[in-house]
Amino acid sequence: MSGFTLAPNEDQIAVRDWLHGFARDVIRPAAAEWDEREETPWPILQEAAKVGIYSLDFFAQQQFDPTGLGIPIAMEELFWGDAGIGLSIVGSALAAVGLVANGTPEQVGTWAPLMFGTPDDVKVAAFCSSEPDAGSDVAAMRTRAVYDEAADEWVLNGTKTWATNGGIAHVHVVVASVDPALGAKGQASFIVPPGTPGLSQGQKFKKHGIRASHTAEVVLDNVRVPGDCLLGGKEKLDERLARARERAAAIARGEKAEQVKNAAMATFEASRPAVGAQAVGVARAAYEVALEYAKTREQFGRPIIDNQGIAFTLADMATRIDAARMLVWRASWMAASGQQFTRAEGSMSKLYAGETAKWVTGQAIQILGGNGFTREYPVERMHRDAAIYTIFEGTSEIQRLVISRAISGLPIR
Ligand SMILES: Cc1cc2nc3c(=O)[nH]c(=O)nc-3n(C[C@H](O)[C@H](O)[C@H](O)COP(=O)(O)OP(=O)(O)OC[C@H]3O[C@@H](n4cnc5c(N)ncnc54)[C@H](O)[C@@H]3O)c2cc1C
């Protein structure tokens, strides 16, 4: 008998149903209010912490699900509730991925719990890679990290932008350039502990969507962090830099050279299917509203779903959502079972799910007609929220770049 199955197991179904209840009863009813307020929904985070959803334990448990489906199932349900509030709940987990991808077990043990705080004292964390002139082009990063050997401290200077939870985070994970000559290969990630002088919030952005999630600039002005805040440690960094220098020299000699991973990309690779799962949740939410509406809204004496023009659109919406989920699950399963993304399967999942969310939510507005265009109904918010999924964690164009390079083996530009 084959061991292959796409059916969630009992534990996964139990977690899914529990999260769905929270998303339905707590997140969805609060979604419009926090979208208008454009603030972090602290009361909802506290409620999520009390029931154990906003916690390191919960995310770690899902992360360690050997099938890989724990995280995508959780993401889909929470973001089905609302993407802005969902991102506020999982933003710290995305920063924790930056820590886990590059940190030692000791560093993870020290910093990960502080990223979430406790149910009585909830905290958030931020992952800061993007800069005003370095979004897709991560190698153009200007934030510098210089080692002060005498003090065994790293000194960080620069400006990060669009950081989720930036400035309000208890713990910031900051990617900085240690050796600018090596581009992305010369970067490393650092923990900036709570209350470190020199780190401040710059502009807080007013956004098109996911407005319940805080997005801001983070200014680093002579920020000094202890030597052991370098994720992975100095020895490992020195080895990696030496390999990158050798590689650069080999390329200069016209030889083929081994790839060296960079810090920010390691985070993105690990989190792309999870972000795709969020997009699936948003798409499914809008599709369900549209399906219900199409069955009850009557024009020309019959429900609008009686028209193929509407029913076929709903059929396409359902099909694309299922296809997106399958790509997300495949990538998540591959990652959990230690398989390399040789065809950029993580990027495929994020690309397709992000584009699907944008398309499905747009179609949902069309099906709801005038009502869809108003804030009386949730689909316009879902459409605004969905737009982020073709932009952050690598735009759709960058995902296509990664996929086309992977499938062709050529340096497509
Ligand atoms: C709400 C929000 C939250 C965010 N959260 C975080 C966070 O927590 N941490 C963090 O570090 N960053 C975060 N970001 C930043 C996000 O990852 C970047 O916005 C994203 O990587 C795109 O970079 P950019 O905005 O500079 O766009 P650009 O790189 O300037 O791209 C502009 C356009 O050009 C296209 N383009 C660029 N290069 C190419 C190319 N080679 N080929 C084809 N097309 C190309 C892009 O696809 C895009 O359409 C967040 C952004 C937003 C809006």
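- Under an unreviewed UniProt entry, the name given to the protein chain is Acyl-CoA dehydrogenase family protein, and the organism recorded is Streptacidiphilus monticola.
- Note on the protein chain: under the UniProt heading Cofactor (unreviewed entry), the record states "FAD".
- The UniProt entry for the protein chain carries the following text under Sequence similarities (unreviewed entry): "Belongs to the acyl-CoA dehydrogenase family."

1. Quick look at the overall build of the protein chain
Logical step 1: Each helix and strand counted, the protein chain has twelve helices and eleven strands in total.
Logical step 2: For 413 residues, the compact-globule estimate of 2.2 N^0.38 gives 22 Å, and the protein chain sits close to it at 22 Å.
Logical step 3: Put simply, the protein chain has 413 residues, and 52% of those count as buried.
Logical step 4: Accessible surface, the protein chain: about 18800 Å² in total, of which carbon and sulfur atoms supply 54%.
Logical step 5: Averaging the coordinates of the 41 positive side-chain charges in the protein chain and doing the same for the 49 negative ones gives two points 6 Å apart.

2. Looking at the site of the ligand
Logical step 1: Near the ligand, the surroundings consist of 20 residues, among which Phe-127, Ser-130, Ser-136, Thr-395 and Glu-397 are the closest.
Logical step 2: At 2.8 Å, a backbone N or O of Phe-127 approaches a nitrogen atom of the ligand.
Logical step 3: Measuring from a nitrogen atom of the ligand, one finds a side-chain N or O atom of Ser-130 at 2.8 Å.
Logical step 4: Residue assignment for the shell around the ligand shows that the elements contributing at least two residues are β3 (125-128), β5 (153-164) and α12 (396-408).

3. Section: a nonpolar patch on the surface
Logical step 1: On the surface, a cluster of nonpolar side chains totalling about 320 Å² of accessible area is made up of Phe-4, Leu-6 and Met-326.
Logical step 2: Counting through the fold element by element, Phe-4 comes out in the segment before α1 (10-37).

4. Thoughts on helix α6 (residues 105-116)
Logical step 1: An ideal rise of 1.5 Å per residue puts 16 Å on twelve residues; α6 measures up with 17 Å between its terminal C-alpha atoms.
Logical step 2: The set of residues buried in α6 consists of Gln-107, Trp-111, Ala-112, Met-115 and Phe-116. Looking straight down α6, one finds its buried side chains confined to an arc of 130 degrees; they lie on one side.

5. A closer look at the environment of Asn-157
Logical step 1: As for its position among the elements, Asn-157 is in strand β5.
Logical step 2: Judged by its relative accessible area of 30%, Asn-157 falls in the partly exposed class.
Logical step 3: For Asn-157 and Asp-221, which are 64 residues apart along the polypeptide, the C-alpha to C-alpha distance reads 5.1 Å.
Logical step 4: Looking at Asn-157, its side chain comes within polar contact range of the main-chain nitrogen of Asn-222, at 2.6 Å.

6. Description of the nonpolar core
Logical step 1: Membership of the largest hydrophobic core comes to 109 residues, with the highest contact counts inside it found for Tyr-54, Phe-79, Ile-89, Met-115, Phe-190, Ile-367 and Tyr-389.
Logical step 2: When sequence neighbours within four positions are dropped, the list of residues in contact with Tyr-389 reads Phe-79, Ala-83, Val-275, Gln-278, Ala-279, Val-282, Lys-350 and Gly-354.

7. Observations regarding the pairing of strand β4 (residues 144-148)
Logical step 1: Bridge count between β4 and β5: five bridges; the pairing is antiparallel. Among the inter-strand pairings, Val-146 is bridged to a residue of β5, identified as Val-155.
Logical step 2: The turn linking β4 back onto β5 is made up of four residues, and Asp-152 within it adopts a positive phi angle of 50 degrees.

8. Things to note about the packing of aromatic side chains
Logical step 1: As enumerated under the stated definition, the model contains eight aromatic pairs in all.
Logical step 2: Three or more aromatic residues link up through ring pairs in this structure, and these residues are Trp-18, Tyr-54, Phe-58, Phe-59 and Phe-116.
Logical step 3: The ring of Tyr-147 has Lys-234 lying over it, and the distance from NZ or CZ to the ring centre is 5.0 Å.
Logical step 4: The ring of Trp-359 carries the charged tip of Arg-320 above its face, separated from the ring centre by 3.7 Å.

9. Here's the deal with the pattern of salt bridges
Logical step 1: Scanning all chains against the criterion turns up 23 salt bridges.
Logical step 2: Put simply, Glu-36 and Arg-375 hold a salt bridge, and the shortest N to O gap is 2.9 Å. Linking Glu-36 in helix α1 with Arg-375 in the loop between α10 (345-373) and α11 (379-386), this pair joins segments that are 339 residues apart in sequence.
Logical step 3: The class of Arg-375 is partly exposed, set by a relative accessible area of 47%.

About the thresholds
- Residues numbered from 1 in each chain as written.
- Predicted model: local features only at pLDDT ≥ 70, side-chain atom pairs only at ≥ 80, totals over all residues.
- Heavy atoms only, no water.
- UniProt positions renumbered as here; feature names shortened; annotations may be inferred.
- Helix = DSSP H or I, 4+ residues; strand = E, 2+ residues; numbered from the N terminus.
- Rg over C-alpha atoms; globule rule 2.2 N^0.38 Å.
- Buried < 20%, exposed > 50% of the residue type's maximum accessible area, 1.4 Å probe, protein only.
- Areas by Shrake-Rupley, 256 points an atom, 1.4 Å probe, with all protein chains shown as cover.
- Lys, Arg positive; Asp, Glu negative; His and termini not counted.
- Charge placed at Lys NZ, Arg CZ, Asp CG, Glu CD.
- Near = heavy atom within 4 Å.
- Polar contact = N/O pair within 3.5 Å; in protein donor to acceptor, adjacent residues only side chain to side chain.
- Patch = residues over 30% accessible without salt bridge, like charges linked within 9 Å, V, L, I, M, F, W, Y side chains within 5 Å.
- Salt bridge = Lys/Arg side-chain N within 4 Å of Asp/Glu carboxyl O.
- Expected span 1.5 Å × (residues − 1).
- Arc of directions from axis to C-beta.
- Core = buried A, V, L, I, M, F, W, Y, C linked by side-chain atoms within 4.5 Å.
- Contact = heavy atoms within 4.5 Å.
- Pairing = 2+ DSSP bridges.
- Phe/Tyr/Trp six-rings, centres within 6.5 Å; stacked < 30°, edge-to-face > 60°.
- Lys NZ or Arg CZ within 6 Å of the ring centre and 35° of its normal.

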